[in-house]
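# Descriptive analysis of the structure
Here is what each chain is made of, one letter per residue.
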Amino acid sequence: MKKVIESVKREKIIIVIDKNDKKVFSNGTLLEMAKEFSQKFSILEGEVCCIYISDIFSQLVAFWGTILAGGVPVLVQYEDELLSSPSTKFLSAIKSCKSNYYIILLNGSFVLKDSKSDLYQHKNLDFDFIQLSSGSTGTPKAIKMYWSSIESNIAINKDYFSKLGIDIQGVSLNWLRLDHVVPIVTMHIYDIALGNDQVIVETSHALKHPEVICKAIEYYKVKRTWSPNFGVKMLSKFLERSNYDFDLSSLNIYLNAGEQVTHEAMKHMVKSGKRHALNPQSLFSSFGMAELSTIVSNSQWYYSNRHDNFVSCGSLLNGLDVKITNKDMFGVGELYFKSKDLLNGERYYLNENSNHESYDRENGWFKTGDLAFMKSGELYICGREKEVIIAKAEKIYPHIIEEMINNFYGLRTACVPIFNSSKGSNDIGIVVEGERHNVVDKEIVNKIKEEAGVTIRKIISVENKMFLVTTSGKVKRSEMSKYFEGT
């Protein structure tokens, strides 16, 4: 990774847009500030440093500066106003990575502080940085990231798009937080390695003002962007009601990745984007994992095979083998991958239990934790194995119920299990974000019973801040199950 930043095309630029202003930096400036950072702090070879900074450009300086100093950076999204009150995810990162130090920005200056954790001597670490998993189904895992695997991932994605006549060179735009694997790898590191200009919009600013994303795509002639499914829905709704006609014709690639992709979101984006010159062929449904160095499967949604409830993520990219085990009567089973270029063996740092559960040392297969099926050579993801609800011996995929409620009533929800001790099985609970206004429980229950044959036992509404999501917007269903305890 040191070679990547040192061989950067210095004239290429990074544009950071937040609620206050727009900042433009060259890659050369990033390199020089990263070098200053690496020289300022005595970070030991292999020292793990958690980066907990609100300012986007400073995050990147600290990330690359730690690498240049010989350390191992871990980006943790800064979510609190006071540094004296660090987030739960940050404290979890310190613990799981056994980080001796964390890096903060105070009054314009970087400060390296003792984390007050038990000091741990890291020796001869052979990976470049640590990526935290989203933690949507539990505590985030520390994933070892290797430049060799990322380089292979860039190559196979470049080859895939090249065969479609699409060049991944050109300006990119990201508006999701950098502690997620797609923003830091598929966008930022890709762009550094490929020599692309890049636009980064601060997440909370983008969520409050989606027009900023569209204006940036139009003004900077953005070629490549991405968002999870909720982001696709957000932007399509904004484009539908906008009084201004944006020119989004420059987009060649819009990846829908990071959470379950739905047909409704993609169809709505095609319809809403038409007036704004969005090429429907630019929309891709994609699947990836940090453990595989991000995106490993893409499908040009406009031409992909269709299935009632699940979206094709396309055929697997070169160099990746797949198998699905323990299939049910519909062919849905546990998803495994194998790749000598992307996996690099066990990927979880200081987590023997997770390595043992997920990685077959003898045969090299990695268990993803997802349920999936193959149809006509294409991969369909059905959801996380831990989140599929078994009720009355039936499998219920939460995203299907959530999507139905959203389509019918415009409500963002989480579908979770409620254990019924008298039955010895699960019932279904629904957590609704915010107020429901005129929509009553009985109406939702009857509609879902009619459309999906699923009986909802209880519905509760929570304040927006109590509707739990990861930094990439992925719903934390397992955590919200606690809202039904004792009911």
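Our subject is the structure that appears above.
Bear in mind that the values here come from a model prediction, so they are computed numbers and not experimental data.

## Brief notes about the overall build of the chain
Assigned secondary structure in the chain consists of 14 helices and 23 strands. The C-alpha atoms of the chain give a radius of gyration of 22 Å, which matches the 23 Å a tight globule of 487 residues would have. With the C-alpha coordinates of the chain rotated into their principal frame, the extents come out at 65 × 55 × 45 Å. Classification of the 487 residues of the chain by burial places 58% in the buried group. Taking the contacts inside the chain whose residues are at least 6 apart along the sequence as the reference set, 68% of them involve residues at least 24 apart. Accessible area for the chain stands at about 21300 Å²; split by element, carbon and sulfur atoms hold 47% of it.

## With respect to the pattern of salt bridges
Across all of its chains, the model carries 19 salt bridges by this definition. With a shortest N-O distance of 3.3 Å, Glu403 and Lys233 are connected by a salt bridge. With Glu403 in helix H12 (residues 398–409) and Lys233 in helix H9 (residues 229–241), this pair connects stretches of sequence that are 170 residues apart. Just as Glu403 is buried, Lys233 falls in that class too. In the salt-bridge network here, residues are joined through shared partners; they are Glu334, Lys367 and Glu385.

## Let's talk about the sheet that holds strand S10 (residues 198–201)
Sheet strands pair by backbone hydrogen bonding; their relative direction is either parallel or antiparallel. Ordered by their spatial adjacency, 8 strands build an open sheet running S2-S1-S10-S9-S11-S12-S13-S14, and the pairing between neighbours is mixed. With partners counted over all chains shown, the strands left at the sheet margins are strand S2 (22–26) and strand S14 (294–300), one partner each. Geometrically, the sheet is characterised by an average inter-axis angle of 25 degrees between neighbouring strands, direction not taken into account. Relative to S10, strand S9 (residues 172–174) runs parallel, the two being bridged by 3 bridges. Note on S10: the bridge partner recorded for Leu173 is Val199. Each of strand S12 (253–256), strand S13 (283–289) and S14 touches helix H5 (residues 147–163); the most contacted strand, S14, lies at about 10 degrees to it. The strands that helix H8 (residues 211–220) touches are strand S1 (13–17), S2, S9 and S10; relative to S1, the one it contacts most, it runs at about 155 degrees.

## Topic: helix H10 (residues 263–273)
Along H10, the positions that sit buried rather than exposed are His263, Ala265, Met266, Met269, Ser272 and Gly273. Where H10 is buried, its residues meet H9, S12, S13 and H12.

## Points about helix H6 (residues 181–194)
Counting buried positions along H6 yields 13 of 14 residues, so the element is predominantly enclosed. Just downstream of H6 lies Gly195, where phi reads positive at about 80 degrees.

## A closer look at the environment of Gly473
Relative to the assigned elements, Gly473 resides in the loop between strand S23 (456–462) and helix H14 (477–480). We classify Gly473 as buried; its relative accessible area is 7%.

## A short note on the sheet that holds strand S18 (residues 378–384)
The strand order across the open sheet built from 4 strands is S15-S16-S17-S18, with neighbouring strands paired in antiparallel fashion. Looking along the sheet, the strands with just one partner apiece sit at the ends: strand S15 (321–325) and S18. Going from strand to strand, the sheet's axes swing by 50 degrees on average, the running direction of each strand aside.

## Concerning the state of the cysteines
Scanning all chains against the criterion turns up 0 disulfides. The cysteine Cys415 is free of any disulfide, with Cys382 supplying the nearest cysteine sulfur at 15 Å.

Rules and cut-offs
Every chain is numbered independently, its residues counted from 1 as its sequence is written. It should be noted that, the model being predicted, local features are given only for residues of pLDDT at least 70 and side-chain atom pairs only at 80 or more, the latter also being counted only at that level, while totals for whole chains, interfaces and linings use all residues. In computing side-chain values, all of the structure's heavy atoms are included and hydrogens and water are not. Secondary structure elements are taken from DSSP: a helix is a run of H or I of four residues or more, a strand is a run of E of two residues or more, and numbering for both begins at the N terminus. Throughout, the radius of gyration refers to the C-alpha atoms, and the reference size of a globule is 2.2 Å times the residue count to the power 0.38. Only protein chains enter the accessibility calculation, which uses a 1.4 Å probe; a residue is then buried when its area is under 20% of its type maximum, exposed when over 50%, and partly exposed in between. The contact criterion used throughout is that any non-hydrogen atoms of two residues lie within 4.5 Å. Per-residue and other accessible areas were derived by the Shrake-Rupley procedure at a 1.4 Å probe size, with only the shown protein chains allowed to occlude residues. Any carboxyl oxygen of Asp or Glu that lies within 4 Å of a side-chain nitrogen of Lys or Arg is treated as forming a salt bridge with it. The criterion for strand pairing is that DSSP finds at least two bridges linking the strands in question. Only the contacting stretch of a helix is used when fitting its axis, a line to C-alpha atoms as for every element, and angles between N-to-C directions run 0 to 180 degrees. Note on disulfides: each one is a pair of cysteine sulfur atoms within 2.5 Å.

Read these as geometric descriptors, not functional statements.
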